[in-house]
Amino acid sequence: MKAFLLRRKSSSESRWLCLLATLLVSTAGYTDDGPFTTLPYSPSLNPESMDRSANPCEDLYQYACGGWIENNPIPPDQSRISTYGKLYVDNQRYLWGILEELAQDDPNRNANQKMIGDYFAACMNIEAIDQAGLEPLQAALKSIQLIDNKIQLGQLIGDLIALTDSSNFFIALGSDQDAKQSEVMIGTIYATGLGLPDRDYYVADDPQKKADREHYVEHVTEMFRLLGRDDETASRDAATVMRIETALAEASLTVVERRDPHKVYHRSTLDELEAMVPALNWKALFDASGMTPKPWLNVRQPGFMNEMQQRIDKESLDDLKVYLTWGLINSRADLLSAPFRDQDFAFYSAYLEGIDEQKPRWRTCVSLIDDQLGEALGKEFVDRNFPPEVRDQVKGMSEQIHQAMEERIDQLAWMSPETRLQAKEKLAKMRDKIGYPDQWRDYSSIVIKRDDFFGNVTRATGFELQRQLARIGKPVDRSEWFMTPATVNAYYNPSMNDINFPAAVLMPPLYDPRMDDAPNYGNTGGTIGHELVHGFDDEGRQYDGDGNLRDWWTAEDAAAFEERAQCIRDQYATYRVVDDIFINADLTSGEDIADLGGLILAWQAWQAETADQKLQAADGLSPDQRFFVGFAQWACSAERPEVLRLHAATDPHSPPRYRINGVVANMPEFKDAFRCPEEAPLVKTDAEICRIW
Ligand SMILES: [Zn+2]
C-alpha cells in the first residue's frame, strides 16, 4: 500500500493491534498552508458543527455533525476528511513548524534536535533526490541480477529484507510475544508478498476487482519500463508478477480468517520451517536479515508457505528475479526521483483511493520522521505541548472507567461466578499508558546526514528492523509503545494487555481541558472505554490477563457472549456503506463491540465522577445531551465513494455514521436524554437492545 508504514508490513499481514480509527490511508495534507508554531484550538463540543434541523432521534450523527460536514468539503488531495484527520493535519503542520525550526544548521541544537532536523533537511532537498534518479537502488537491483542459482535465493531475500524491511519478498519478518507464552519474544514469519492491498483483490470475481487487477498490471508494466525494459519485456514481466502474486493470494487467509488468533498461531522450529519450504536456504536468509529463529518461530500461515515452496520450486530463476525486482522497486519507488514517485502515486493513491493530488513534500517528510524517529520527534512534541497536569487528568478519567468496568462485570446477569472472577483478574492486570513512554528510545546509533536522504531512510529502516529482531529470545519489554506520542490514534494490545493513548489524541477537539466533563467523557471517555473493551471483545476475550491466548471462559458463558455479539453483528450487517455494499459485520465485530461497550463505560464513569455536582445546560443542550453530542462529534467526517469501498473490504471499523447511530440505538440513556418517542429510528425495545458489557 501507499504509506511507508503500511508497505513495510503490508496490509495483508500486520501486527495485531486494535486501533481507534484507520487513518493512515485517509489523510493527506493541505497544499497551500504554512507551518504552525502553535496548535489551533477548537472545542470538544462545537455548536457550529451541529445541524439542529436534524432530529437526533432519527440520526444523531447528522444532528451532531451536519454543520461540520457542510463546513468541511473534502480537499482535492484527500480521500476523506474527518475530525481525527483534521487534527492529524493540524498536528502535521505543527510538527512541520518544529522540524523547520530544527532544520536550521544551528550549533545550539541538542543531539536529538540535530538528528530530526538534519533528517528533515535532507528529505526536503527534492532537487538532490530527483537528480539521483534510480542510482540509490542500483546496487540492490544488481544483486538480484547477479545470482545464478536458486540456492542463493535465501541470502538474497534476507539481504533485501534487511535493506527495506519490506513485506514484498514472499514474507515479512518480525518479533512478537508468543501468543500462548506471552513472556517470551519470538520471531514471526508473516505471509505477505502481494502488491495489491489484500488477497481478495486477486481472487474476487466482481467487476471492480477485475478492473483493479487490470490497472495493477498496467502499473507494474509502467514501473518495469521506468527501469529501462522495452515494452514487450515490461508487459511480460508484469504478467509474471501477477501470476506469482495470484498464486500466493489464493493460498493466503482472508482478512476475516486472520482475525482468528488460532488460525495465525503455528509454533514451529527451524527444522519444521525448512520442511515446509525446503527450496529456500533459511539459514542464509536469517543470517542475512539478522533474525535468530530461536527458541521457536510463529509461522503465521503454513498454507501460504506451501505455496511459497511451489513457487520457488516451479518458477524459473528468471521469473523469480522478476518478482523480486518488482518487490524491490515497489518498496522503494516513493523514495526515488519524480518519475517513480509519480507512477507510484498514480496507482496506489489516485486510482485505489481516489486522491487527486500528491501531498506536499513537507507532509511526506513529517510522516517519515514520525515513522522512523518517532520518539525523538515525540519528545519535542510533548516538551512543547503536553503538560503533566493534562496527563494526570486523563489518568484520573481512565481510573474512573476501569472502576465502571469492574462494576459492570459484577452486575452482568449472563456471566457465571467463575468467568466473572477471571474477567476481573484480566481487568486488574490491564495497564494504561497515557501520553508518552516513561523511557524515551535511544536512536543515537543511527547516522543521519544532511545530504543523504535515501541513506538516512535505509539506515533508520535497518535500525528499526534490527531493534525488532534483537528482542527475540528476550523477556518482553512491557513499557514499550507501538505508537508515537504525536500520533492521533489509540490502541489496545492483547498480548501486552495494555491500552495506549498518545499525547496527540488527548488534545482539543478530542480531550479539552477548557470544557466541562460531559463532552470530555463522551469523547475521550468513550475512547478509553473503547480500548479497554477491546480486551473483552470477540478477539480480545480469547487472551488472558497476562496476554496469553488461553480460553478462560466456561462453555455456557462463551455461548452467552457469542449470542450477544451476534446481536450486534446482525444489527450492523443491516447498514449500507455505499452502492450495494453493506457492512461486513464479521470484520467490524470487534470494533462495534468496543464502540458500544466503551460508551456505556464512559457514561457510567461520568455519572460517578459528577454524582455530587449540579450540572448545567449549555449551548441549548442538557448535560446528558452534551455527553452524546460530544461523543458523536469525535466521528464527524465525509468520505469519497472510492474510500468507502476500499474500507468496506479492509477496514475493521464501521463507517462513522454507524459508529455513532449504531451505538446510541442500544442505550436507553440516549432515548431519555433526547426524550425520543418509542417509534423513533434510533430507539429499540428492551428486547431488541444489544448489550454485552
Ligand atoms: Zn478499536
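Definitions and cut-offs
Within every chain, residues take consecutive numbers counted from 1 along the sequence as written. It should be noted that, the model being predicted, local features are given only for residues of pLDDT at least 70 and side-chain atom pairs only at 80 or more, the latter also being counted only at that level, while totals for whole chains, interfaces and linings use all residues. To get the side-chain values, take all heavy atoms of the structure and skip hydrogens and water. Fitted lines through C-alpha atoms give the axes, limited to the stretch in contact for helices. The angle between two N-to-C directions lies from 0 to 180 degrees. Working definition: helices are DSSP H or I runs of at least four residues, strands are E runs of at least two. Numbering for both runs from the N terminus. Each angle is binned into one of four classes, with values under 35 degrees roughly parallel, values over 145 roughly antiparallel, values of 65 to 115 roughly perpendicular, and all other values oblique. Any pair of residues with heavy atoms lying within 4.5 Å of one another is described as a contacting pair. Here, two cysteine sulfur atoms that lie within 2.5 Å of each other are counted as a disulfide. Ring geometry is summarised as follows: Phe, Tyr and Trp rings, the Trp one being its six-membered ring, pair when their centres sit within 6.5 Å, and such pairs are stacked at plane angles under 30 degrees, edge-to-face over 60 and tilted between the two. Buried, partly exposed and exposed residues are distinguished by accessible area as a fraction of the type maximum, computed with a 1.4 Å probe on protein chains only: under 20%, between the cut-offs, and over 50%, respectively. The definition of a nonpolar core used throughout is a set of buried Ala, Val, Leu, Ile, Met, Phe, Trp, Tyr and Cys residues joined through side-chain atoms within 4.5 Å. When the near helix sits turned anticlockwise from the far one by under a right angle, the crossing is termed left-handed; a clockwise turn instead gives a right-handed crossing. Nonpolar residues are Ala, Val, Leu, Ile, Met, Phe, Trp, Tyr, Cys and Pro. Charged residues are Asp, Glu, Lys and Arg, and all others, Gly as well, are polar. Helix span, expected: 1.5 Å multiplied by one less than the number of residues in the helix. Polar contact is defined as a pair of N or O atoms within 3.5 Å, subject to the rule that within protein one atom must be able to donate a hydrogen and the other to accept it, and that residues adjacent in sequence are counted only when both atoms are side-chain atoms. A strand pair is defined by DSSP finding two or more bridges across the two strands. By salt bridge we mean one thing: a side-chain nitrogen of Lys or Arg within 4 Å of a carboxyl oxygen of Asp or Glu.

**What to know about the packing of helix α10 (residues 231-250) against helix α14 (residues 317-332)**
The N-to-C vectors of α10 and α14 enclose an angle of 85 degrees; their axes lie 9 Å apart at closest approach. Considered as vectors, α10 and α14 are oriented roughly perpendicular to each other. Along its contact with α10, which presents Asp237, Thr240, Val241, Arg243, Ile244, Glu245 and Leu248, the element α14 presents Asp319, Val322, Tyr323 and Trp326.

**Some remarks on the state of the cysteines**
Scanning the entire structure with this criterion turns up four disulfides. Here the cysteine-cysteine linkages of the protein are recorded as 1-7, 2-6, 3-4, 5-8, numbering only bonded cysteines and doing so in sequence order.

**Quick notes on the packing of aromatic side chains**
With the rule as written, the count across this model stands at 32 aromatic pairs. Ring centres 5.3 Å apart and planes at 70 degrees place the aromatic pair Trp603 and Trp606 in the edge-to-face group. One end of the pair is Trp603 and the other is Trp606, both in helix α23 (residues 585-609) and three residues apart, which spans about a single turn. Pair check on accessibility: Trp603 and Trp606 agree, each one buried. Taken together, the ring pairs in this structure connect Tyr63, Trp603, Trp606, Phe627, Phe628, Phe670 and Phe674 into an aromatic cluster.

**Considerations on the nonpolar core**
Counting residues in each nonpolar core, the largest one holds 203 residues, and the members touching the most others are Ile171, Trp282, Met305, Phe628 and Trp693. Excluding residues that lie within four positions of it along the chain, Phe628 makes contacts with Leu60, Leu599, Trp603, Val664, Met667, Glu669, Phe670, Ala673 and Phe674.

**Brief notes about the packing of helix α2 (residues 60-71) against helix α24 (residues 623-633)**
Orientation of α2 relative to α24, taken along the N-to-C sense of each, is 70 degrees, at an axis distance of 9 Å. With respect to α24, the element α2 is oriented roughly perpendicular. As α2 packs across α24, the resulting crossing turns out to be right-handed. Within the contact between the two elements, α2 uses Leu60, Tyr63, Ala64 and Cys65 and α24 uses Phe628, Val629, Ala632 and Gln633. Here the contact of α2 with α24 is composed, by residue class, of seven nonpolar, one polar and no charged.

**Some thoughts on helix α20 (residues 453-470)**
The end-to-end C-alpha distance of α20, which contains 18 residues, comes to 26 Å, matching closely the 26 Å that a straight helix rising 1.5 Å per residue would cover. Counting buried residues in α20 gives 15 out of 18 residues, a clear majority hidden from the surface. Residue Asp452 occupies the N-cap position of α20, its side-chain oxygen lying 3.0 Å from the main-chain nitrogen of Gly455.

**Section: the pairing of strand β9 (residues 498-502)**
Of all five residues in β9, five are buried, a share of seventy percent or more. When strand β7 (residues 431-435) meets β9, the two strands line up parallel, connected through five bridges. Bridged to Gly435 within β9 is Pro502. Both strand β8 (residues 491-493) and β9 contribute to a ladder of three bridges, which runs antiparallel. Across the sheet, the residue bridging to Tyr491 is Asn500, located in β9. Turn length for the β8-β9 hairpin, with the two strands adjacent in sequence and antiparallel, is four residues, and the turn residue Asn497 shows positive phi of about 50 degrees.

**Thoughts on the sheet that holds strand β5 (residues 267-268)**
With mixed pairing, four strands are arranged side by side in an open sheet as β3-β4-β6-β5. Two strands in the sheet have a free side with no partner beyond their single neighbour: β3 (171-178) and β5. The sheet contact formed by strand β4 (residues 181-191) and strand β6 (residues 297-299) spans three bridges and is parallel. Bridge pairing links Ile189 to Val299 in β6.

**With respect to the side chain of Arg391**
Structurally, Arg391 is set in helix α18 (residues 388-411). Polar side-chain contacts of Arg391 include one of 3.0 Å to the backbone oxygen of Tyr436. Ignoring anything within four residues of it in the chain, the contact list for Arg391 reads Phe386, Ile434, Tyr436 and Asp438.

**As for the pattern of salt bridges**
If you walk through the whole model with that rule in mind, you get 45 salt bridges. Between Glu101 and Arg384 there is a salt bridge, and its shortest N-O distance comes to 3.1 Å. Remark: Arg384 occurs in helix α17 (residues 374-385) and Glu101 occurs in helix α3 (residues 83-102); sequence separation between them is 283 residues. Among the residues examined, Glu101 registers a relative accessible area of 47% and is labelled partly exposed. Under the relative-accessibility criterion, Arg384 is labelled partly exposed at 34%. A network of salt bridges, in which partner residues are shared, links Glu375, Arg441, Glu464, Arg467, Arg471 and Glu480.

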